[in-house]
Amino acid sequence: MMIEEYDIIVVGAGHAGCEAAYAAARLGVKTLLITMDMTKFAQMSCNPAIGGIAKGQIVREIDALGGLTGIVTDMSSIQFRMLNRSKGPAMWSPRSQCDRTKFSINWRMLLEKVPNLYFWQDTVKNIEVENGEIQGVETVFGVKFKCKKVVITAGTFLNGLMHVGENQAVGGRIGEIPACGLTEALLKAGVKTSRMKTGTPARIDGRTIDFSAMTPQDGDENPDSFSFMAHKIDRLPQRKCYISYTNPKVHDELRKGFDRSPLFNGTIKSTGPRYCPSVETKIVTFADKQSHPVFLEPEGTDTCEYYLNGFSSSLPFEVQYAAIRLIPGLEKAKIFRPGYAIEYDYFDPTQLYHTLESKVIKGVYFAGQVNGTTGYEEAACQGLMAGLNAALSFTGNEEFVLSRKDAYIGVLIDDLVTKGVDEPYRMFTSRSEYRILLRQDNADERLTEKGFELGLADEERYNFYQNKRHNVEKILEYCKNTSVSCDRINGYIQQKGGKPLTQGNKLSAIILRTEVNLEELKDLFPFLKRFNRYEIESAEIKIKYQGYIDREEATAEKLSRLDYVTIPDGLDFASILSLSTECRQKLARIKPKTIGQASRIPGVSPADINTLLIYLGR
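This report concerns the structure included in the present document. (Residues numbered from 1 in each chain as written. Predicted model: local features only at pLDDT ≥ 70, side-chain atom pairs only at ≥ 80, totals over all residues. Heavy atoms only, no water.)

## Observations regarding the overall build of the protein chain
Along the protein chain, the regular secondary structure elements total 19 helices and 22 strands. For 618 residues, the compact-globule estimate of 2.2 N^0.38 gives 25 Å, and the protein chain sits close to it at 26 Å. Overall, the protein chain is about 80 × 70 × 50 Å in size when its C-alpha atoms are taken along their principal axes. Split into buried and exposed, the 618 residues of the protein chain put 58% on the buried side. At a minimum sequence separation of 6, the contacts of the protein chain that also span at least 24 residues come to 73%. Carbon and sulfur atoms make up 50% of the accessible area of the protein chain, which totals about 25600 Å². Each charge sign in the protein chain was given a centre, from 78 positive and 77 negative side chains, and these centres are 3 Å apart. (Helix = DSSP H or I, 4+ residues; strand = E, 2+ residues; numbered from the N terminus. Rg over C-alpha atoms; globule rule 2.2 N^0.38 Å. Buried < 20%, exposed > 50% of the residue type's maximum accessible area, 1.4 Å probe, protein only. Contact = heavy atoms within 4.5 Å. Areas by Shrake-Rupley, 256 points an atom, 1.4 Å probe, with all protein chains shown as cover. Lys, Arg positive; Asp, Glu negative; His and termini not counted. Charge placed at Lys NZ, Arg CZ, Asp CG, Glu CD.)

As structure tokens, this is what we get:
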């Protein structure tokens, strides 16, 4: 049964799928989004929050390019916090608690307004490949769609298997069926596959929580936003989160179920996320710890459901239930559903180009957890890049690849396709060599012009960015040229605990002091009142950290030169005997496109890189 032909088909409407479908359709390409359930677009399967360390930077980059995750987050936010404010701006990371239901509804509402984007509710079970190139897909209902490109963003649904103690159930999410057949079709076509594991905690009935026994955690008093276009968005009512702690009694209760834990008795054989471990793993790994924090986070504005962050578990339900009731404030807690672990199929990302197109099947792109990542944000940015590149192949434009010095998105994709994964990949600021350059505040400076040139960012966004850029330049010029007397500034400096000036100086030199905050100087310097806090903050960061920024840009320029030295397609690495055996094997498997990419492959030494450069006549 053949319905219709599309240019691009996106399989799965999670965070990766939604961004991929939006990007492709936004570029004017006829796109079909196939999902198992049209009521759960970009469903927050686990924590109902977006952002965090490095993840927040990724979302701002998506927004700067013209993607939708930041806008949807701001529309759905019920608590915003800028993490790491006490540290330098390279570490500032936005995080937003969201209304889970509204988040999904808002995504669907925005996607249904996009021309060239169509929808089909079904499950893809097979792909049609001819001469190594994609021809179309087939669903479980026997419907076939022809297409020229496919973006696979199936999340945890591929042969998903859930665990609660000794009990197992097939599914990609609790209460939802798995996607079967697609992995086998890809395997038959030559794509390598393996298994990974993730998990989620129990959900608590807020009517049974004693919040007085917990520490409230408020959002920022003056909430920021993810989208650079947040002035267009109405905010939801803000809600509190709460913090409690486990204790030795909780740990002892959990240990009673260890012999029945699928994590410890060999039932689960796949690898789970290192940086988001289950509570039973934390008790074993950190045996000396007497307590661990747990965070009670609201699931929305119109529900009493709470997410128990920090208590992911696949122990038998009765063990989870008894342990939860030993946590202060949860002595009378009722549970909506248990925590569980889920195993699912993923595909080795070293089989991909930097465009996220498969090296094995022409026209097939992979994005999200199917590439071995974990997290909504990591998935969304991959979806955006896969959708963009799939669409660009129709518009006649060159492929779009971000480098490691352009964006955290570039770092993530380069890590995946160059190094591969042996556990679920999560982004951290420490994964980047250029943290000072890749700040959340300057994502628009780095990426909005690129997004506008691609056709993803619209003219309104581009003009808004240009206006901000011009205003920042005005502030910098003003600070550089304005002389300040001791009498004018010393009162403020002493109030902030600083040492008073002994002679006048330029305002830009005074801003270098750690105690000086440019936003607070508006009354002393009325010229600054014409600018908003984002423009002033951007200018202040440029002044305070210019030396560090210049040094890192110089380093990035040196390192990036190797990325301009291309390796010819089809080069026979095995014949270059002066390379180490490990190097020849790794290069033959990953097939790097540049010397820079080759240099980042584990097992390829600097000596090997020198040998390659000589071989290529450089």
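Once you've had a look at it, read on.
## What about the side chain of Asn 106?
Inspection of the secondary structure puts Asn 106 in helix α4 (residues 100-111). Assessed through its relative accessible area of 11%, Asn 106 is described here as buried. Setting aside chain neighbours within four positions, we find Asn 106 in contact with Val 72, Met 75 and Ser 76.

## Concerning the nonpolar core
With 111 residues, the main nonpolar core has Ile 9, Trp 107, Leu 111, Leu 186, Phe 366 and Ile 409 as its most contacted residues. In terms of residue count, the dominant contributor to this core is helix α9 (residues 376-395) (eleven residues). The residues touching Ile 9, leaving out its near neighbours within four places in the chain, are Leu 32, Ile 34, Val 137, Phe 145, Lys 146, Cys 147, Lys 149, Val 150 and Val 151. By size, the runner-up hydrophobic cluster in this structure holds 23 residues, among which are Tyr 306, Leu 315, Val 319 and Ala 323. (Core = buried A, V, L, I, M, F, W, Y, C linked by side-chain atoms within 4.5 Å.)

## With respect to the packing of helix α3 (residues 69-76) against α4
Running from amino to carboxyl end, α3 crosses α4 at an angle of 130 degrees, the nearest separation of the two axes being 9 Å. Considering their axes alone, α3 and α4 lie oblique with respect to each other. By crossing handedness, the relation of α3 to α4 is classed as right-handed. When α3 is examined against α4, the residues Thr 69, Ile 71, Val 72, Thr 73, Met 75 and Ser 76 are found in contact with a partner set consisting of Lys 102, Phe 103, Asn 106, Trp 107, Met 109 and Leu 110. Taken together, the residues that form the contact of α3 with α4 break down as seven nonpolar, four polar and one charged. (Axes fitted to C-alpha atoms, helices over the stretch in contact; angles between N-to-C directions. Parallel < 35°, antiparallel > 145°, perpendicular 65-115°, else oblique. Left-handed = near helix turned anticlockwise from the far one by under 90°. Nonpolar A, V, L, I, M, F, W, Y, C, P; charged D, E, K, R; others polar.)

## Digging into the sheet that holds strand β11 (residues 167-170)
Across the sheet, which stays open at both edges, the four strands sit in the order β11-β10-β19-β12 with antiparallel pairing between neighbours. Edge positions in the open sheet fall to β11 and β12 (193-200), since each of these has one partner strand only. Neighbouring strand axes in the sheet, compared pairwise and without regard to direction, differ in orientation by 25 degrees on average. Of the strand pairs in this sheet, strand β10 (residues 161-164) and β11 are connected by four bridges, and their pairing is antiparallel. Across the sheet, residue His 163 finds its bridge partner in β11, namely Gln 168. (Pairing = 2+ DSSP bridges.)

## Some points on the pairing of strand β2 (residues 31-35)
Taken across its five residues, β2 has five buried, putting it largely inside the fold. Side-chain alternation along β2 places Thr 31, Leu 33 and Thr 35 on one buried face and Leu 32 and Ile 34 on a second face that is also buried.

## Re the pattern of salt bridges
Applying the stated criterion across every chain yields a total of 45 salt bridges. As a salt-bridge pair, Lys 102 and Asp 302 come within 2.8 Å of each other at their nearest N and O atoms. Placement of the pair is Lys 102 in helix α4 and Asp 302 in the loop between β16 (293-298) and β17 (305-309), with a sequence separation of 200 residues. The partner of Lys 496 in a salt bridge is Glu 520, and the shortest N-O contact between them spans 3.1 Å. Placement of the pair is Lys 496 in the loop between α13 (486-495) and β22 (505-506) and Glu 520 in the loop between α14 (507-511) and α15 (533-544), with a sequence separation of 24 residues. (Salt bridge = Lys/Arg side-chain N within 4 Å of Asp/Glu carboxyl O.)

## Topic: helix α6 (residues 248-255)
Among the residues of α6, those classed as buried are Val 250, His 251, Glu 253 and Leu 254. Relative to the axis of α6, the buried residues are bounded by an arc of 160 degrees and lie together on one face. Packing partners of the buried residues in α6 comprise α7 (279-285) and α8 (317-324). Taking the backbone nitrogen of Lys 249 as reference, a side-chain oxygen 3.0 Å away marks Asn 247 as the first, capping residue of α6. (Arc of directions from axis to C-beta. Polar contact = N/O pair within 3.5 Å; in protein donor to acceptor, adjacent residues only side chain to side chain.)

## A word on the state of the cysteines
For the coordinates displayed, the defined rule picks out zero disulfides. Left unpaired, Cys 241 is separated from the closest cysteine sulfur, that of Cys 98, by 11 Å. A relative accessible area of 1% places Cys 241 in the buried class. (Disulfide = S-S within 2.5 Å.)

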